[in-house]
Structure formats: C-alpha cells, structure tokens
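So you can see what is in the structure, the chains are spelled out below.
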Amino acid sequence: MRTAEVEVVVPNFKRRLSGVTSSIVQLVPEQAAQVRIAALGPGLPGDLPKLGWRQVPGLLRRPSRRRFRIWHARRNVEMLAGVILKSLFRAPVRLVFTSAAQRHHTWLTRFLIRRMDAVIATSGRSGRFLKVPYTVVMHGVDCERFHPPGEAEDGLQGTGLPGRYGVGCFGRIRPQKGTDLFVGAMVRLLPDFPDWTAVIAGRVTAQHREFHQRLLDRISAAGLGERIVFLGEVPDIRPWYRRLRLHVAPSRNEGFGLTPLEAMASRTAVVASDAGAHAEVIAEGRTGAVVPAGDGAALTESMRRYLAQPDLAAAHGRNARAHVESSFSLDNEARGVNAVYDRLWQDSPGSPCGTQSRV
C-alpha cells in the first residue's frame with residue numbers, strides 16, 4: 001500500500017503472538033472495508049494491509065485525502081513512538097490508544113495516555129482505571145471463523161478421546177489463567193460424570209513447566225490421565241471449541257479475555273471468572289455463568305450444574321451464538337473504532353475527542 005493512501009497506521013511492535021497482536025490481525029481487515037488502514041511491525045501475516053519500515057519517512061507528509069493520519073497504539077512503546085512522531089518530527093498525526101488493562105497504570109503509561117488525542121477502553125471495567133475521557137468499544141469475534149459445529153470432525157468422538165461431552169479450558173498454562181482451578185474442579189467432578197472428558201489447550205513456557213508438572217502429577221494421582229488431557233499448543237483451536245459442550249475461563253486476572261467470545265460464537269456455553277470483561281460479555285443464566293475470580297469452590301459448583309445437565313449446556317450454547325452475533329461481532333467492533341477516528345477527523349486540529357461513552 002502506498003504511504004500517501006494510508007489514513008490509519010496500526011503499529012504492532014511485538015514479534016511474538018499475543019492477544020493484542022491477534023486482535024490487530026483480526027480487526028484490521030474488517031476496518032479496511034471502511035477506512036484506508038495499514039499495520040506496521042514484525043511478525044504480521046502476509047495478507048494483512050501493512051506498511052514496510054522503509055515507508056515510515058512518508059508518514060511525515062499528509063495523507064492524500066486527510067488533514068492528518070491516525071496512529072492507533074495498543075502498547076506503551078507504540079504510544080511513545082506516536083508521541084515522538086507527532087511532537088519531535090511534527091508528523092501530521094493524531095494519536096489513539098486502546099486500553100484493556102484492569103489495574104492502576106504506571107506513571108509512564110499515565111504520562112503517555114495524557115498525550116493521546118483519543119482513548120478507547122475495551123470494557124467498562126478497564127475504563128474505570130483511566131484518568132482521561134474515553135470511549136468504550138468492546139472486542140468482537142469473527143462469527144465466520146468461529147462458527148457452530150457442522151461436520152463430523154466437529155464432534156468429540158472423532159478425536160479418539162473417551163466420553164460423549166467435552167469441557168475445555170484454553171489459554172497459556174499458568175496460574176494467572178487459572179489452569180490449576182480448572183484441573184482441581186475436574187478432579188472433583190469427573191468421577192461423578194463419566195460421560196465427560198476435559199481438554200486443556202495452550203502453550204507451556206519454561207517459566208511454568210514446574211507448575212504444569214504439578215498439574216500432571218495431580219491428575220495422575222486421581223487416576224484421570226485419560227479424561228483430563230493436555231493438548232499442548234494446537235495449530236488451530238477453532239475445531240476444539242466446536243467439540244466442547246462447555247468452555248471454562250477461570251482466569252485470576254485478564255486484560256479482556258477473548259476465549260469466552262470465541263467459545264460462544266462456536267455455540268458453546270461458558271463458565272468464567274469475573275476477571276477481564278467476562279462479566280460484560282456473558283449473559284448470566286442464559287449463555288453461561290460468572291463466578292468470583294480465584295474461587296475454586298464456586299467454579300466447581302457452577303460447572304457441576306452443566307455437567308449434570310448436558311441439555312442445559314446445549315441450550316445455553318445456542319443462546320450464546322445468538323448473543324455474540326447480535327452484540328459482539330467483529331463488524332460491531334470495527335464500526336465502533338472507526339467512529340472514534342471519524343470524530344477526530346471531524347474535530348478541529350489538535351483537540352482531544354475522548355468521551356466517556358459506549359459504542
């Protein structure tokens with residue numbers, strides 16, 4: 001893409017795949033239907049609209065159709081780069097930051113946020129930690145990529161695992177994600193529900209190998225090695241969502257937490273902690289249940305209800321798909337973010353446009 005045509009630049013300065021990178025990879029193509037947008041940074045897919053590093057000097061000139069570009073950052077280093085472009089090099093840019101954090105920001109983050117022209121919070125809860133005006137635009141999910149079961153391979157039976165129903169927990173294997181809470185609940189519940197099998201998918205880093213081994217030892221001691229299965233980091237997680245009757249997101253803390261949305265788009269009921277935005281995306285008693293973060297007993301009892309009533313899980317899964325389609329599609333997110341850009345372009349040069357509103 002020619003630099004002069006680009007109206008929005010989305011920097012991604014982290015090479016390793018993360019939740020932020022995944023959000024960018026999914027959202028930018030959706031936004032591209034409405035605005036001339038390009039990502040910038042390493043490790044991005046070849047089919048994503050993007051700029052090369054050699055094109056960066058072109059950002060010092062105005063785009064062909066706008067008074068200025070939008071620089072949309074999601075990390076501190078990306079905010080800093082935008083501030084340098086705007087303040088030091090006098091580039092014709094306005095700065096937007098998306099915040100998912102649900103904690104008090106460091107002095108550096110607060111310093112950078114105050115220099116943004118608009119701020120987006122991914123949930124009402126994350127917005128409460130901001131000391132500046134903001135707009136809530138919640139994450140969405142691609143309802144075509146994450147879809148209900150439709151083929152034989154979408155059933156648990158085709159995997160070679162035992163049981164009729166699957167319950168799963170997806171995400172990196174670490175205490176923050178509550179993997180131990182899920183394993184503890186399964187050790188207590190599965191002996192009473194022989195039709196269910198538990199699957200855990202996610203990467204184990206060197207830092208958490210000992211934690212992972214303790215979980216394996218606990219499962220082995222309970223004699224459940226064939227019914228609580230670690231899949232590792234799978235190349236495509238989407239079929240596994242479709243093989244579940246129940247998805248569990250037991251995080252102790254989260255930024256946003258996309259796995260419940262991905263599960264619900266796959267027509268799977270969800271039990272989740274109230275970390276991240278889980279409580280804002282799950283319709284309690286209709287698409288799943290929300291329990292206090294870190295409360296293993298509450299998690300176990302909420303899961304017990306679904307394991308005892310597979311038909312209830314199926315019904316809540318159907319509700320979940322409809323809920324995501326109506327309120328949490330990727331198109332909704334793209335339109336909400338692009339609306340923030342439009343307000344900047346319509347306002348007078350240099351005036352902040354953040355408002356405490358919800359899109």
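Here the structure is shown first, and the text comes after it.
Note that the coordinates shown come from a computational prediction; the quantities given were computed from them, not determined experimentally. (Residues numbered from 1 in each chain as written. Predicted model: local features only at pLDDT ≥ 70, side-chain atom pairs only at ≥ 80, totals over all residues. Heavy atoms only, no water.)

(A) Spotlight on the packing of aromatic side chains. In the structure shown here, the tally under the stated rule is 6 aromatic pairs. Pairing phenylalanine 13 with tryptophan 71 gives two aromatic rings, centres 6.4 Å apart and planes at 65 degrees, and the pair type is edge-to-face. Placement of the pair is phenylalanine 13 in the loop between strand S1 (8-11) and helix H1 (19-31) and tryptophan 71 in strand S4 (residues 69-73), with a sequence separation of 58 residues. Ring geometry for phenylalanine 170 against tyrosine 241: centres 5.0 Å apart, planes inclined by 70 degrees, an arrangement best described as edge-to-face. Taken together, the positions of phenylalanine 170 in strand S8 (residues 165-170) and tyrosine 241 in helix H7 (residues 238-242) put the pair 71 residues apart, joining distant regions of the chain. Owing to a relative accessible area of 1%, tyrosine 241 belongs among the buried residues under this scheme. Ring pairing ties together the aromatic residues Phe13, Trp53 and Trp71, which thus form one cluster. (Phe/Tyr/Trp six-rings, centres within 6.5 Å; stacked < 30°, edge-to-face > 60°. Helix = DSSP H or I, 4+ residues; strand = E, 2+ residues; numbered from the N terminus. Buried < 20%, exposed > 50% of the residue type's maximum accessible area, 1.4 Å probe, protein only.)

(B) Representation of helix H10 (residues 296-308) within the structure. Spanning 13 residues, H10 covers 18 Å between terminal C-alpha atoms, matching the ideal 18 Å at 1.5 Å per step. For H10, the set of buried residues is Gly296, Leu299, Thr300, Ser302, Met303, Tyr306 and Leu307. The distance from a side-chain oxygen at the start of H10 to the backbone nitrogen of alanine 297 is 3.3 Å, and the residue carrying that oxygen is aspartate 295. (Expected span 1.5 Å × (residues − 1). Polar contact = N/O pair within 3.5 Å; in protein donor to acceptor, adjacent residues only side chain to side chain.)

(C) Up close: a nonpolar patch on the surface. Residues Leu60, Leu80, Ile84, Leu88 and Phe89 make up a contiguous nonpolar surface patch of about 470 Å² in total accessible area. Inspection of the secondary structure puts isoleucine 84 in helix H2 (residues 76-88). Assessed through its relative accessible area of 35%, isoleucine 84 is described here as partly exposed. (Patch = residues over 30% accessible without salt bridge, like charges linked within 9 Å, V, L, I, M, F, W, Y side chains within 5 Å. Areas by Shrake-Rupley, 256 points an atom, 1.4 Å probe, with all protein chains shown as cover. Salt bridge = Lys/Arg side-chain N within 4 Å of Asp/Glu carboxyl O.)

(D) Representation of the pairing of strand S5 (residues 93-99) in the model. Extensive coverage of S5 is indicated by the burial of 7 of its 7 residues. Both faces of S5 are covered, namely the face carrying Val93, Leu95, Phe97 and Ser99 and the face carrying Arg94, Val96 and Thr98. Looking at chain direction, S4 and S5 are connected through 5 bridges and run parallel. Across the sheet, alanine 73 pairs through a bridge with phenylalanine 97, a residue of S5. A crossover connection joins S4 to the parallel S5 through H2; in handedness this β-α-β unit is right-handed. Taken together, the 4 bridges between S5 and strand S6 (residues 118-121) define a ladder with parallel strand orientation. Within S6, the position partnered with threonine 98 by the bridge is isoleucine 120. In this fold, the crossover linking S5 to S6 by way of helix H3 (residues 107-113) has right-handed handedness. (Pairing = 2+ DSSP bridges. Right-handed = clockwise from strand over helix to strand, strands pointing away.)

(E) Highlighting the side chain of glutamine 102. Here glutamine 102 shows up in the loop between S5 and H3. The class of glutamine 102 is buried, set by a relative accessible area of 16%. At a separation of 3.1 Å, a polar atom in the side chain of glutamine 102 contacts the side chain of arginine 125. A polar contact of 3.3 Å, which involves the side chain of glutamine 102, links it to the backbone oxygen of glycine 255. Other than its neighbours up to four places away in sequence, glutamine 102 contacts Ser123, Arg125, Ser126, Phe129, Glu254, Gly255, Gly276 and Ala277. (Contact = heavy atoms within 4.5 Å.)

(F) How the structure looks around the packing of H10 against helix H11 (residues 310-327). Direction vectors running N to C along H10 and H11 enclose 100 degrees, while the axes themselves pass 4 Å from each other. Regarding the angle of H10 to H11, the classification is roughly perpendicular. For the pair H10 and H11, contact is made by Arg305, Tyr306, Leu307 and Ala308 and by Pro310, Leu312, Ala313 and His316, respectively. Taken together, the residues of the contact of H10 with H11 break down into 6 nonpolar, 1 polar and 1 charged. (Axes fitted to C-alpha atoms, helices over the stretch in contact; angles between N-to-C directions. Parallel < 35°, antiparallel > 145°, perpendicular 65-115°, else oblique. Nonpolar A, V, L, I, M, F, W, Y, C, P; charged D, E, K, R; others polar.)

(G) Inspection of the pattern of salt bridges at higher detail. If you walk through the whole model with that rule in mind, you get 16 salt bridges. For glutamate 78, the salt bridge identified is with arginine 75, shortest N-O distance 2.7 Å. Glutamate 78 sits in the buried class, given a relative accessible area of 0%. Looking at arginine 75, the relative accessible area reads 14%, which means it is buried. Arginine 304 serves as the salt-bridge partner of aspartate 192, at 3.9 Å between the closest nitrogen and oxygen. Placement of the pair is aspartate 192 in the loop between helix H5 (179-189) and strand S9 (196-201) and arginine 304 in helix H10, with a sequence separation of 112 residues. Residue classification places aspartate 192 among the partly exposed residues on the basis of a relative accessible area of 48%. Put simply, Glu7, Arg65 and Arg66 are held in one network by salt bridges that share partners.

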